[in-house]
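# Fold and contact review
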Amino acid sequence: MGFPKGFLFGTANADHQVEAHDPAREDVWDWWERTQGLTPRGRATDFWSRYEEDIANAAAMGMKVFRFSIAWARVQPTCGTFDKEALAHYRMVAECVRSHGMEVMVTLHHFVWPVWLERDHGGMIGEEFPELFAGYAEQVAESMGDVVDWWITFNEPSQLTFGYIKPWWQNRYFMPPGLPRGSSVDAEAEAVGKLVPNLFRAHARAREVVRARWPETKVGANPLVTGFPGWLQMLMDWGACHRGLSEALFKFTTKKPLVSERGEVDLVIGEVTPQEALRFETSDPYREGLTDESGGGFVVAAPYGHSRLLEQVDRVIADWRDDDVEAGKRERVAPMSLHEVFKKGDSLPDHMSSGRGFRRVRRRGKVRIALLAGASNEERSLARAIARELLGDGGKLDLIELRVVERLQVLETKSGWLNWAWRFWGTTSLIANANWWYLGMAGKLPQELCPKEAVGAQDFVGLDYYWGLPTWRLHRFRLLEDAAHGRFLKAPVWARGLFHALKRLHRWFPDLELLVVENGCVPQADGMTRSEYVRAHLAEVEKAIDEGVPVKSYTYWSITSNREWGHAFDPNTDFGLYFVDLDKDRELRRVASTEVELLKRVIGEAAGGEG
């Protein structure tokens, strides 16, 4: 592989994913993991204490950029105070990177922010957010700006919308803060309508204060770009530039299924794998405390179009298992939003979850529930509790016993393909619209979404690229949902999508350098090994450079294994060049993968080509 002189290879990590949990400096993700029943970060890789080792390993590969992030909650523990020791620590990390001959890339906001910001100031949709973020950026720049070469304000700003969007095919928000239970799609649209301009304003203000102190430094962001066919991406971009249309489409496709499907039964109680759960609506397993380590387990499933029925089932389960709560066997119902935690109560009025969504059951006078033959007394007790809640009598129940192979077939319907198409449109619209960040930078979004002061407020064009689907594989769009749930072994690989993204962004910003800020893979994805993945994507970067695209750098994610945002640690979530057994190895030893030698060889060849 041949890369131009001055091309930068790098690697990276992020504070919450690699720094040990500090109870005195918790961020919103610490609260989210705890309240949602997710895997906590624990010690992570203990990068706070072992940063020198990871930085040295990166340098030994020939890397020329090392990216890390600042934990806002550590350096600003309360609204009015900054921790000088924490700031000094991050300066030492940057100086260590410099001492190994690498450039420093710092991220100010890598999906996490202080609890006080969310609890007391409305978080990222609060009116004060842009100035609070700028004040934080100014303190960091003052403390260490002289040893930072590249600044990322927001990591993957395009993904932050998923803390406020919960489409009908999901029973929980993907990330904090979430909206209170019972929030309508109109409330979600309103929240996103506040979030997007706030992110632009905060980015522009942070860039302003950083460059005021260090005029030569470069500031940008790195939205996550998913590879889609050009025709689909153009369609989504056009819709994003017309706010009324995009908001209407958002509400129309995410509010509810296109049709309410009618299966042979109303509900199925039993074991459902994560893959099977994608095909139906299910009760919330995190509320029930009945999931296994892989995320599967005992749930109640229904055909699509029965969300209100499932809401009622969740409430039944919460009450039905109260004895377990009192006995300390499980926590109370997991909140939908962090604000429910702050308020210490359920934010949904009773009338909002009452009789809607199951009129068919009431007209029939019985609820039809399927169980596996030989089902436990616990499952039969739950079925009676559901009937009692829905119809006032636990005896108004038809129990159908099924074999394992039949248990979900009874939920399938002939109209299911309509919801499949509807879900495809909703999924691709939400993901493909990640381009909104650069549409704003290019001045193509309405000013109420991207204020004038943010247009063009960037010194480079950064992007993250992992997965994609060409036209002939669009029917596999649910693989992207697998990836969103941390099942990256099935994520769809399309390296050519990176080339198309680089070409498109160069057309939009012909005078700016492009940086691949993140690209990486678990040990194997979509039938491709990590080594094959890296080679394929580097080939697309090289191809883009050959066609005149000024790509400045390629940064592999990540230097080590890390905690992947609440997901269990296993091969599904391990992107590390150095493997660290986060759960079993007390010493957290770094073990080089085969890709360490691969990248070392590629970087060496590139350096040799410069001569």
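For the structure, check the block above.
This text gives an overview of the structure that appears in the document. (Residues numbered from 1 in each chain as written. Predicted model: local features only at pLDDT ≥ 70, side-chain atom pairs only at ≥ 80, totals over all residues. Heavy atoms only, no water.)

Attention shifts here to the overall build of the chain. Within the chain one finds 23 helices and 18 strands. Considering the chain as a whole, with its 611 residues, one finds that 59% of them fall into the buried category. Accessible surface computed for the chain: about 24,000 Å², of which carbon and sulfur atoms make up 51%. (Helix = DSSP H or I, 4+ residues; strand = E, 2+ residues; numbered from the N terminus. Buried < 20%, exposed > 50% of the residue type's maximum accessible area, 1.4 Å probe, protein only. Areas by Shrake-Rupley, 256 points an atom, 1.4 Å probe, with all protein chains shown as cover.)

Moving on, we come to the packing of helix 5 (residues 84-99) against helix 7 (residues 129-144). The packing of two helices is summarised by the inter-axis angle and the distance between the axes. Interhelical geometry of helix 5 versus helix 7 gives an angle of 55° and a closest axis separation of 9 Å. Relative to helix 7, the element helix 5 lies oblique. The element helix 5 and its partner helix 7 pack so that their crossing is right-handed. Note on element contacts: helix 7 touches helix 5 through Gln139, Val140, Ser143 and Met144, opposite Leu87, Tyr90, Arg91 and Ala94. Looking at the contact of helix 5 with helix 7, its residues break down into 5 nonpolar, 2 polar and 1 charged. (Axes fitted to C-alpha atoms, helices over the stretch in contact; angles between N-to-C directions. Parallel < 35°, antiparallel > 145°, perpendicular 65-115°, else oblique. Left-handed = near helix turned anticlockwise from the far one by under 90°. Contact = heavy atoms within 4.5 Å. Nonpolar A, V, L, I, M, F, W, Y, C, P; charged D, E, K, R; others polar.)

Here we come to the pattern of salt bridges. The final tally for this structure, using the stated rule, is 30 salt bridges. Asp30 serves as the salt-bridge partner of Arg41, at 2.9 Å between the closest nitrogen and oxygen. With Arg41 in the loop between helix 2 (28-35) and helix 3 (47-60) and Asp30 in helix 2, the pair connects residues that are 11 residues apart, well separated along the chain. Of the two residues, Arg41 and Asp30, neither departs from the other in class, the shared state being buried. Salt bridges sharing partners connect three or more residues here, namely Glu19, Asp22 and Arg74. (Salt bridge = Lys/Arg side-chain N within 4 Å of Asp/Glu carboxyl O.)

This part takes up the sheet that holds strand 6 (residues 224-227). Taken in spatial order, the 9 strands of this open sheet run 5-4-3-2-1-16-13-12-6, and their pairing is parallel. Each edge of the open sheet is held by one strand with a lone partner, namely strand 5 (218-222) and strand 6. In this sheet, adjacent strand axes meet at a mean angle of 30° when their direction is disregarded. Relative to strand 4 (residues 150-155), strand 3 (residues 103-109) runs parallel, the two sharing 4 bridges. Each residue of the ladder has a partner; that of His109, found in strand 4, is Phe154. (Pairing = 2+ DSSP bridges.)

For the structure shown, the criterion picks out 29 aromatic pairs. Aromatic pair Phe162 and Phe174: ring centres 6.2 Å apart, planes at 70°, arrangement edge-to-face. With Phe162 in the loop between strand 4 and helix 8 (185-213) and Phe174 in the loop between strand 4 and helix 8, this residue pair connects regions lying 12 residues apart in the sequence. Among the residues examined, Phe162 registers a relative accessible area of 9% and is labelled buried. Residue classification places Phe174 among the partly exposed residues on the basis of a relative accessible area of 26%. What links up through ring pairs into an aromatic cluster is the set Trp72, Trp116, Phe129, Phe133, Tyr136 and Phe154. In this arrangement the basic side chain of Arg213 is found over the ring face of Trp214, its NZ or CZ atom lying 4.2 Å from the centre. (Phe/Tyr/Trp six-rings, centres within 6.5 Å; stacked < 30°, edge-to-face > 60°. Lys NZ or Arg CZ within 6 Å of the ring centre and 35° of its normal.)

On to the nonpolar core, then. In this structure, Phe9, Phe68, Met144, Trp467, Leu502 and Val541 are the most contacted members of the largest nonpolar core, which totals 140 residues. Dropping the residues within four chain positions of it, Leu502 is found in contact with Leu463, Leu514, Val516, Val541, Ala544, Val549 and Val551. Of all hydrophobic cores here, the second largest spans 22 residues; its members include Ile269, Val300, Ile317 and Leu397. (Core = buried A, V, L, I, M, F, W, Y, C linked by side-chain atoms within 4.5 Å.)

Here we come to unusual backbone geometry. The step from Pro176 to Pro177 runs through a cis peptide bond, and the omega angle for that step is 10°. Relative to the elements of secondary structure, Pro177 occurs in the loop between strand 4 and helix 8. In this model, Trp557 is joined to Ser558 through a cis peptide bond whose omega is 5°. Along the chain, the position of Ser558 falls in the loop between strand 16 (551-557) and strand 17 (578-579). The residue Phe111 is not glycine, and still its phi comes out positive at about 70°. Structurally, Phe111 can be placed in the loop between strand 3 and helix 6 (115-121). Non-glycine residue Leu588 carries a positive phi angle of around 50°. Along the chain, the position of Leu588 falls in the loop between strand 17 and strand 18 (591-592).

The subject of this paragraph is the packing of helix 3 against helix 5. Where helix 3 contacts helix 5, the axes come no closer than 9 Å and their chain directions differ by 10°. If you check the angle between helix 3 and helix 5, you find them roughly parallel. Judged by residue contacts, Phe47, Trp48, Tyr51, Glu52 and Ile55 of helix 3 engage Ala86, His89, Tyr90, Met92, Val93, Cys96 and Val97 from helix 5. Each residue belonging to the contact of helix 3 with helix 5 can be placed in one class, and the counts come to 10 nonpolar, 1 polar and 1 charged.

Turning our attention to the pairing of strand 6. Every second residue of strand 6 is oriented toward a common face, with Leu224 and Thr226 on one face and Val225 and Gly227 on the other, all of them buried. As paired strands, strand 6 and strand 12 (residues 461-468) are joined by 3 bridges and run parallel to one another. Across the sheet, the residue bridging to Gly227 is Gly468, located in strand 12.

By themselves, these are just geometric observations and shouldn't be taken as functional.
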